[in-house]
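Remarks on the overall topology
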Amino acid sequence: MLPVAYAQEPIAYNIQGVENGKLRNNIQLHLNNLDVEKALLTDPYWQDEVGETVATAVQPYGYYNSETKVVIEKDDKVSVKITLNAPLTINKVTREIIGAGREDKAFRERFNSLKLKEGDVLNQTIYESFKSSMFNYALSNGYFDFHWQATRLDLVRDEKQANVLLIAQSGPQYQFGELKFVGEDKAKAIIERLKPFESGDAYSSAVLSDFNRRLNQSGYFNRVIARPVVSEADGLLVPVEVSLQHRPTDSFNVSLGAATDTGPRVRLGWERPWVNSKGHSISSDIFISEPEQSVTADYRIPMKNITRDYASIEAGYQFIEYSNTSFESETLSLSAHRYWQKNDSPWQHDGSVTYLRETYDQGELNTNTTSLVLPGYSLTYREKDSDLNISNGSYIQMLAQVGREGYGSDIDFAKAVVEAMFIRTFNDVHRISLRGEAGAIKTNSFNEVPTSLRFYAGGDQSVRGFDYREISPTADVIDPETGDLVPDSIGGKYLVTTSVEYAYGVADNWRVAAFVDAGTATNDTSTTLTYGVGPGIHWLSPIGPVRVYIARGFSPDEKTWGFHIMLGPEL
């Protein structure tokens, strides 16, 4: 009969006499790689092998005189009793820089940052790590000829001391040269403006990374990368090769969505990212839903900071008719915007002038037309951890617009709105959403304020449990189907809404939720608030979250039920 072979179980060594966690882990790692059977550990030869293995593990940490004893306990456990003894300490550190790095303050500070000082316990991992990191630092800062002219670690074991020698040959510091294009060069002017360095500036990989980030955020390229070509250096000037692939001349997109307020909706988009070599672009959108149809066009002109600083001219036509109200409007608009955003700041500024001409019919009003010229300013903060399924995000926007009768506007008009939303998730399962909005209108003729500029509350993104735009001052209008006078929302001067929602993750891609909404749109600041409460469920689909709610609405005059479904991210 042939003997049956069994896999040898790894030995669980009980390490004693070592308190330092890193040192214990290194000893354990070396012992685990020792190929020996437990029964052989009583043999002096293998006990010596264990001792040598431990010595190899502790020497990088300065312990060159360790003693090891292997004991097989009564319960068959293997104890490794280690006496580290006195470690080697640093007696002398000799350092020297040869070359241009000697005159470079940042290079000298980096070179002098070795953590091993005289009197410290020798730690070879720090020594080796420093040599590697110093080499990487030199290459990242243009010292492409850097090399270690001499490195030595002298061990004087009898005196329990070590001497460190580091002599670096930095070579010259190379500089950024001219750009070299691979592919079409129609973007040359744009790329030159995005470049964060000038020819002759000291080379820096951090600056080059910033350049690549700007290129990829510009929106002009499908693929783009900038890299130094050291082999083609002209003296100390290193050319920077830019390999790129432009976005198509025209791009089209279609997006679908749905919400209780608007029903199914579709958006058709077209964009031409290159109108000319200066980087001007043009885009257009067509939006279609049952209550709203619109066409917009946007011509964008990049300024000095192309990715954060631009001007745009926008034109639009919009027709709105809501079946649950008598509201109907037709709007033409033309606006000029100047957007700017400081580097490393999430706040975007928008100064604008808008011409708006709206023909509308609502409530007790006959068909009316109002024209307004509205200088405006908005400040927007937006930050989120995902474009689709947001776990943490913040949004704040402040907007103000004014118009003056006799200066292109039919009436005096001023409007201010502040809105915010914060989403936070704790322990991956507890998600809290806070939302709020406040606004006010001041005018000398509220009856002539276009209804699209008035305030309404109610609906998916406002007070759930009520229809879209249902909460506002009302007026009696004729129902076209019955001929009876019925109250209808006509919009108010003031708006305030707030919402708190808690969601709990119950499974992968599923959350249950509960919410409380409150708010009103009114002409009287003493108006009682309207409330909505209810449960909900979230499905984190591959195309974005689907959120479904059942809401109970409470107003001073009635109690209602509402069903709300939303597709897409909140921010």
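Right, let's walk through the structure included here. Small disclaimer: the values here were computed from a predicted structure and weren't measured. (Residues numbered from 1 in each chain as written. Predicted model: local features only at pLDDT ≥ 70, side-chain atom pairs only at ≥ 80, totals over all residues. Heavy atoms only, no water.)

Residue position: alanine 150 is located in strand S5 (residues 147-156). Here alanine 150 is in contact with Leu165, Leu166 and Ile167, once residues within four sequence places are set aside. (Helix = DSSP H or I, 4+ residues; strand = E, 2+ residues; numbered from the N terminus. Contact = heavy atoms within 4.5 Å.)

In spatial order, the strands read S4-S6-S5; together these 3 strands make up an open sheet with mixed pairing. The open sheet is flanked by strand S4 (89-99) and S5, the only strands paired with a single partner. Shown here is a sheet whose adjacent strand axes are inclined to one another by a mean of 5°, direction ignored. Sheet analysis places S4 next to strand S6 (residues 161-171), joined by 10 bridges and oriented parallel. Of the residues in S6, the one forming a bridge with isoleucine 97 is alanine 168. (Pairing = 2+ DSSP bridges. Axes fitted to C-alpha atoms, helices over the stretch in contact; angles between N-to-C directions.)

The next point concerns the packing of helix H1 (residues 21-32) against helix H2 (residues 44-58). The packing of two helices is summarised by the inter-axis angle and the distance between the axes. It is at 9 Å that the axes of H1 and H2 come closest, and there the two elements cross at 140°. Looking at the two axes, H1 sits oblique to H2. Every pair of crossing elements has a handedness; the one defined by H1 and H2 is right-handed. Contacts between H1 and H2 pair Leu23, Asn26, Ile27, His30 and Leu31 from the former with Val50, Thr53, Val54, Thr56, Ala57 and Val58 from the latter. (Parallel < 35°, antiparallel > 145°, perpendicular 65-115°, else oblique. Left-handed = near helix turned anticlockwise from the far one by under 90°.)

Moving on, we come to the packing of aromatic side chains. Applying the stated criterion across every chain yields a total of 22 aromatic pairs. Measuring from ring centre to ring centre gives 4.0 Å for phenylalanine 176 and phenylalanine 197, while their planes differ by 10°; the resulting arrangement is stacked. Residue phenylalanine 176 is located in strand S7 (residues 175-182), and its partner phenylalanine 197 is located in the loop between helix H5 (188-194) and helix H6 (205-217); the two are separated by 21 residues in the primary sequence. Phenylalanine 197 shares its class with phenylalanine 176; the two are buried. When the centroid spacing of 5.5 Å and the interplanar angle of 90° are considered together, the rings of phenylalanine 515 and tyrosine 549 count as edge-to-face. With phenylalanine 515 in strand S24 (residues 510-522) and tyrosine 549 in strand S26 (residues 544-554), this pair connects stretches of sequence that are 34 residues apart. (Phe/Tyr/Trp six-rings, centres within 6.5 Å; stacked < 30°, edge-to-face > 60°. Buried < 20%, exposed > 50% of the residue type's maximum accessible area, 1.4 Å probe, protein only.)

On the secondary structure map, alanine 400 appears in strand S18 (residues 393-403). Accessibility expressed as a relative area gives 36% for alanine 400, which makes it partly exposed. It is 8.5 Å that separates the C-alpha atoms of alanine 400 and proline 375, two residues lying 25 residues apart in sequence.

The phi dihedral of asparagine 85 is positive, around 65°, even though this residue is not glycine. Within the secondary structure, asparagine 85 is located in the loop between strand S3 (78-83) and S4. When its relative accessible area of 34% is taken as the criterion, asparagine 85 is described as partly exposed. Phi at asparagine 509 is positive, roughly 70°, even though this residue is not glycine. With a relative accessible area of 43%, asparagine 509 lands in the partly exposed category.

What follows is about the pairing of strand S12 (residues 281-289). The two faces of the sheet receive side chains in turn, since in a regular strand these alternate between them. As paired elements, strand S11 (residues 263-272) and S12 share 8 bridges and run antiparallel to each other. Note on S12: the bridge partner recorded for leucine 268 is isoleucine 286. Remark: 2 residues form the turn of the hairpin made by S12 and strand S13 (residues 292-302), two consecutive strands paired antiparallel.

Counting 23 residues, the largest nonpolar core has Ile191, Phe211, Leu215, Phe221 and Val242 as its most contacted members. Looking at this core, the elements that each hand over two or more residues are S7, H5, H6, strand S8 (221-228) and strand S9 (237-246). With 4 residues, S9 is the largest single contributor of residues to this core. Phenylalanine 221 has contacts with Ala187, Ile191, Leu215, Leu244, Gln245, His246, Arg247 and Trp274, leaving out every residue within four places of it along the chain. Among the nonpolar cores identified, the runner-up in size contains 22 residues, and Ile15, Trp46, Val70 and Leu84 belong to it. (Core = buried A, V, L, I, M, F, W, Y, C linked by side-chain atoms within 4.5 Å.)

One open sheet holds the 3 strands; their spatial order is S7-S9-S8, and the pairing between them is mixed. Two strands in the sheet have a free side with no partner beyond their single neighbour: S7 and S8. For this sheet, the mean inter-axis angle between neighbouring strands, taken without regard to orientation, is 20°. Taken together, the 7 bridges between S8 and S9 define a ladder with antiparallel strand orientation. Residue pairing for S9: alanine 226 is matched across the bridge by valine 242.

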